Amino acid sequence: MTRLRMALVAMLIIAFNMFLWIVLPLSIALGIFTADSSGCDEFIDHGSSNTRGDVVEEYMRACTGFGTVVDNSIILQLSTTGKAITIALYDDAQEKYPQFQWIDDDTLAVDLGTIRWVTVRHRKVGSIHISYEYTKNDIDWPLW
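Calculation notes
Residues numbered from 1 in each chain as written. Predicted model: local features only at pLDDT ≥ 70, side-chain atom pairs only at ≥ 80, totals over all residues. Heavy atoms only, no water. Helix = DSSP H or I, 4+ residues; strand = E, 2+ residues; numbered from the N terminus. Buried < 20%, exposed > 50% of the residue type's maximum accessible area, 1.4 Å probe, protein only. Contact = heavy atoms within 4.5 Å. Areas by Shrake-Rupley, 256 points an atom, 1.4 Å probe, with all protein chains shown as cover. Pairing = 2+ DSSP bridges. Salt bridge = Lys/Arg side-chain N within 4 Å of Asp/Glu carboxyl O.

Chemist: Tell me about the overall build of the protein, and name the residues and values.
Modeler: Of regular secondary structure, the protein possesses 1 helix and 9 strands. Listed N to C, the secondary structure of the protein is α-β-β-β-β-β-β-β-β-β in terms of helices and strands. The 144 residues of the protein split such that 23% are buried. In the protein, of all internal contacts separated by at least 6 residues, the share reaching a separation of at least 24 is 36%. Looking at the protein as shown, the accessible area adds up to about 10400 Å², and 60% of this sits on carbon and sulfur atoms.

Chemist: Tell me what's going on with the sheet that holds strand 6 (residues 107-115), and back it up with residues and numbers.
Modeler: Strand order in the open sheet formed by 4 strands is 5-6-9-8, and the pairing between neighbours is mixed. One side of each edge strand has no neighbouring strand; the edge strands of this open sheet are strand 5 (99-104) and strand 8 (124-125). Examined bridge by bridge, strand 6 and strand 9 (residues 128-136) share 8 bridges and lie parallel to one another. Opposite Ile115, over in strand 9, you have Lys136 as the bridge partner.

Chemist: Tell me about the pairing of strand 9, and please be specific about residues and values.
Modeler: Of the pairings in the sheet, the one linking strand 8 to strand 9 comprises 2 bridges and is antiparallel in character. Counterpart to Val125 in the pairing with strand 9 is Ile128. The turn joining strand 8 and strand 9, which pair antiparallel and follow one another in sequence, is formed by 2 residues; a positive phi near 60° is taken by Gly126.

Chemist: Lay out the pairing of strand 5 in plain terms, naming residues and giving numbers.
Modeler: Of the strand pairs in this sheet, strand 5 and strand 6 are connected by 5 bridges, and their pairing is antiparallel. Its bridge partner being in strand 6, Asp104 is matched across the sheet by Thr107. Between the antiparallel neighbours strand 5 and strand 6 lie 2 residues.

Chemist: Give me the side chain of Asp91: which residues, what numbers.
Modeler: Within the secondary structure, Asp91 sits in the loop between strand 4 (84-90) and strand 5. Discounting residues that sit within four places of it in the chain, Asp91 has contacts with Asn72, Ile115, Arg116 and Trp117.

Chemist: Which residues make up the side chain of Asn72, and what values do they have?
Modeler: Turning to its location among the elements, Asn72 is positioned in strand 3 (residues 67-77). A relative accessible area of 3% means that Asn72 is categorised as buried. Contacts of Asn72, omitting those with residues within four sequence positions, involve Tyr59, Met60, Ala88, Leu89, Tyr90, Asp91 and Asp92.

Chemist: Go over the pattern of salt bridges, please, and point to the residues and values.
Modeler: A full pass over the atoms with the stated rule returns 3 salt bridges. The residue Arg52 makes a salt bridge to Asp54 at a minimum N-O spacing of 2.8 Å. By relative accessible area, Arg52 is classed as partly exposed at 34%. Assessed through its relative accessible area of 2%, Asp54 is described here as buried.

Chemist: Would you mind going over the environment of Val55 in detail, with residue names and values included?
Modeler: For Val55, the position within the fold is in strand 2 (residues 55-65). Given the relative accessible area of 24%, Val55 is considered partly exposed. Once the C-alpha coordinates of Val55 and Ile75 are considered, the two residues, 20 residues apart in sequence, prove to be 8.2 Å apart. Contacts of Val55, omitting those with residues within four sequence positions, involve Ser48, Ser49, Ile75, Leu76 and Gln77.

Shown next, in the form of structure tokens:
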């Protein structure tokens, strides 16, 4: 009987340690990463519009939790639909970028400057043709 009791006590101690060192930290970590967007700030920075009223803008979303994650994108809002469409995602550009230039109502030029990566989602939205200009910087970390 005492061996059975000792085995039960040992199992309880092991189970408690598993909870304390594995389950609890995982639960906290998952809670941080699956939290709602209440820890996020959204910014819409400088933009440009054509004579028809279509608007292109820089959109940034910064979320804090376990560190800070910043998403940079470019959105285009057509005057006919009023719906904002993400046309490109990119890493943080230099100061004074991105720059937007409407060549005419149906041609938009986007200059991202020097960046590490870009994902172009659209080169044409409605009647608007979009061109992108950027220089890729392959250095991942600053050299100190």
